[in-house]
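Commentary on secondary and tertiary structure
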Amino acid sequence: ECRGALARRTGAQGELTCQGCGRLYQSPRDEYLDLRPADAFTEQTKYLDEALHADARHERVSPPLLGSKIRNDMLRKFLRHEPGDLVVDLGCGSGRALIWNRDLGAEAIGIDISPFFSEDARQGVPLLLGDLRRLPFADGTFSKAWSLDVLEHLSPEALRGMLAEANRVLAPGGALFVYTHVRKNAPVAVGLRWINRLARGLERFGLIDMRQERLRKSDHLNPLADVPDLERVARDCGFRIARITFYTPIVGGFVENILMRVAERAMARRAARRLDPGVSPADADATAVRE
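These numbers were taken from a predicted model, which means no experiment stands behind them.

Conventions adopted
Residues numbered from 1 in each chain as written. Predicted model: local features only at pLDDT ≥ 70, side-chain atom pairs only at ≥ 80, totals over all residues. Heavy atoms only, no water. Helix = DSSP H or I, 4+ residues; strand = E, 2+ residues; numbered from the N terminus. Rg over C-alpha atoms; globule rule 2.2 N^0.38 Å. Buried < 20%, exposed > 50% of the residue type's maximum accessible area, 1.4 Å probe, protein only. Areas by Shrake-Rupley, 256 points an atom, 1.4 Å probe, with all protein chains shown as cover. Lys, Arg positive; Asp, Glu negative; His and termini not counted. Charge placed at Lys NZ, Arg CZ, Asp CG, Glu CD. Patch = residues over 30% accessible without salt bridge, like charges linked within 9 Å, V, L, I, M, F, W, Y side chains within 5 Å. Salt bridge = Lys/Arg side-chain N within 4 Å of Asp/Glu carboxyl O. Pairing = 2+ DSSP bridges. Contact = heavy atoms within 4.5 Å. Axes fitted to C-alpha atoms, helices over the stretch in contact; angles between N-to-C directions. Phe/Tyr/Trp six-rings, centres within 6.5 Å; stacked < 30°, edge-to-face > 60°. Lys NZ or Arg CZ within 6 Å of the ring centre and 35° of its normal. Core = buried A, V, L, I, M, F, W, Y, C linked by side-chain atoms within 4.5 Å. Expected span 1.5 Å × (residues − 1). Bend = angle between axes of the 7 residues up to and from the residue.

1. A closer look at the overall build of the chain
Looking only at helices and strands, the chain has nine helices and nine strands in total. Against the 2.2 N^0.38 benchmark of 19 Å for 291 residues, the chain shows a C-alpha radius of gyration of 21 Å, consistent with a compact globule. Overall, the chain is about 60 × 50 × 40 Å in size when its C-alpha atoms are taken along their principal axes. Burial status across the chain gives 41% buried among its 291 residues. With the model as given, the accessible surface of the chain reaches about 16,200 Å², and the carbon-plus-sulfur share is 54%. Considering the chain, the positive charge centre built from 43 side chains and the negative charge centre built from 40 side chains are found 5 Å apart.

So this is what it looks like as structure tokens:
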């Protein structure tokens, strides 16, 4: 926080001391380092709430499929990692993108304000707890960076703070890949609205459960109005947009939001009834949600 250097304490695994101000930074169970600022920002994400992670989905890292694969392929094509690159995942969430891209040979670390990292990430990649608006890195530390599904969770002020910090920690000529959305949708997005409408109908009949998804999306602030707005914000924060690729996941949205949700619901009910054959469907739903 004071821009001092961090040094490992003699004989203390997972503990660092700031040589400027003397503050001690510790690592819970030696799985990640907590470098959050001492004074928290007033605006905080709902993703700090354990209720958003009650389904423990963050604990599992599956191979990138459907929309996740498309996004990750875009990331790899744009950044073109090379051995010797030092890369940071800004808002890494569970750390799954770090796991997916370990084969590229770059040295990568993840930082997120929320400590809900996957087991694979906690054991396999360097992780930090920190605020994207006050990154605990020196100027020009990284050659490349990415941020997936993060910008929509920030207010306009927080977005500018995050991008300004991203620009600061990137070396001259460094590149940042961002995946996010803007409020002004393309005409093809009407297909997604129909998919969402179908999902709500299926939920009324008890065929899918969208409660966790609604809880997660309740954190969306959607600060970007359209692409010109994105260009202005990026320019104000020191970036030049090199390329924009548009992606509207109609097929992927149907598979992920309808077919997979129906399968999850059926599997949860079957598991609950297997544990207690006398449980009713409604009780089975409640049991599945609690677990």
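2. Concerning a positive patch on the surface
A cluster of basic residues, Arg-193, Arg-197, Arg-200 and Arg-204, forms a positive patch at the surface. Counting through the fold element by element, Arg-204 comes out in helix α5 (residues 190-204). A relative accessible area of 69% places Arg-204 in the exposed class.

3. Re a nonpolar patch on the surface
Where nonpolar side chains cluster on the molecular surface, the patch consists of Leu-65, Leu-66 and Met-260 and spans about 270 Å² of accessible area. Along the polypeptide, Leu-66 turns up in helix α1 (residues 66-79).

4. What about the sheet that holds strand β5 (residues 86-90)?
Reading across from one edge, β4-β7-β6-β5-β8-β9 is the order of the six strands in this open sheet, with parallel pairing throughout. Strands at the two margins of the open sheet, each flanked by one partner only, are β4 (33-34) and β9 (170-179). Contacting β8 (142-148) and β9, α1 crosses the sheet at an angle of about 160 degrees to β9. Set on the sheet, helix α4 (residues 156-169) makes contact with β5, β8 and β9; between it and β9 the angle comes to about 140 degrees.

5. Let's talk about the packing of aromatic side chains
Here the structure, examined in full by the defined rule, presents four aromatic pairs. Here the aromatic rings of Tyr-179 and Tyr-247 are separated by 6.3 Å at their centres, their planes lie at 50 degrees, and the arrangement is tilted. A residue pair is termed long-range when its members are at least 10 positions apart, and Tyr-179 in strand β9 and Tyr-247 in the loop between α7 (227-236) and α8 (250-275) qualify at 68 residues. Accessibility classification places Tyr-179 together with Tyr-247 in one group, the buried group. Here the basic side chain of Arg-71 rests over the ring of Tyr-179, its NZ or CZ set 5.0 Å away from the ring centre. The positively charged end of Arg-133 is found above the aromatic ring belonging to Phe-41, 4.0 Å away from the centroid.

6. Examining the nonpolar core
Inside soluble globular proteins, nonpolar side chains tend to come together where they are buried. Among the nonpolar cores identified, the biggest contains 33 residues, and Val-88, Leu-90, Ile-111, Phe-137, Leu-163, Leu-176 and Phe-239 are the most heavily contacted of them. In this structure, Leu-90 is in contact with Ile-111, Leu-132, Leu-135, Ala-145, Trp-146, Ser-147, Val-150, Met-162, Ala-166 and Leu-176, ignoring residues within four places of it in sequence. In terms of nonpolar packing, the next biggest core, distinct from the first, is built from 23 residues, Leu-98, Ile-99, Trp-100 and Ala-106 among them.

7. A short note on unusual backbone geometry
Positioned with a positive phi, Arg-3 is a non-glycine residue whose angle comes to about 70 degrees. Along the polypeptide, Arg-3 turns up in the segment before β1 (6-8). Look at Arg-3 and you get exposed, because its relative accessible area is 54%. Look at Asp-149: it is not a glycine, yet its phi comes out positive at around 55 degrees. Along the chain, Asp-149 turns up in the loop between β8 and α4. Asp-149 gets classed as partly exposed once you look at its relative accessible area, which sits at 28%.

8. With respect to α8
Over its 26 residues, α8 extends 37 Å from the first C-alpha to the last, a length consistent with the 38 Å expected when each residue adds 1.5 Å. Most pronounced at Met-260, the bend in α8 amounts to some 30 degrees. Every buried residue of α8 is listed here: Gly-252, Gly-253, Asn-257, Ile-258, Arg-261, Arg-265, Arg-269 and Ala-272.

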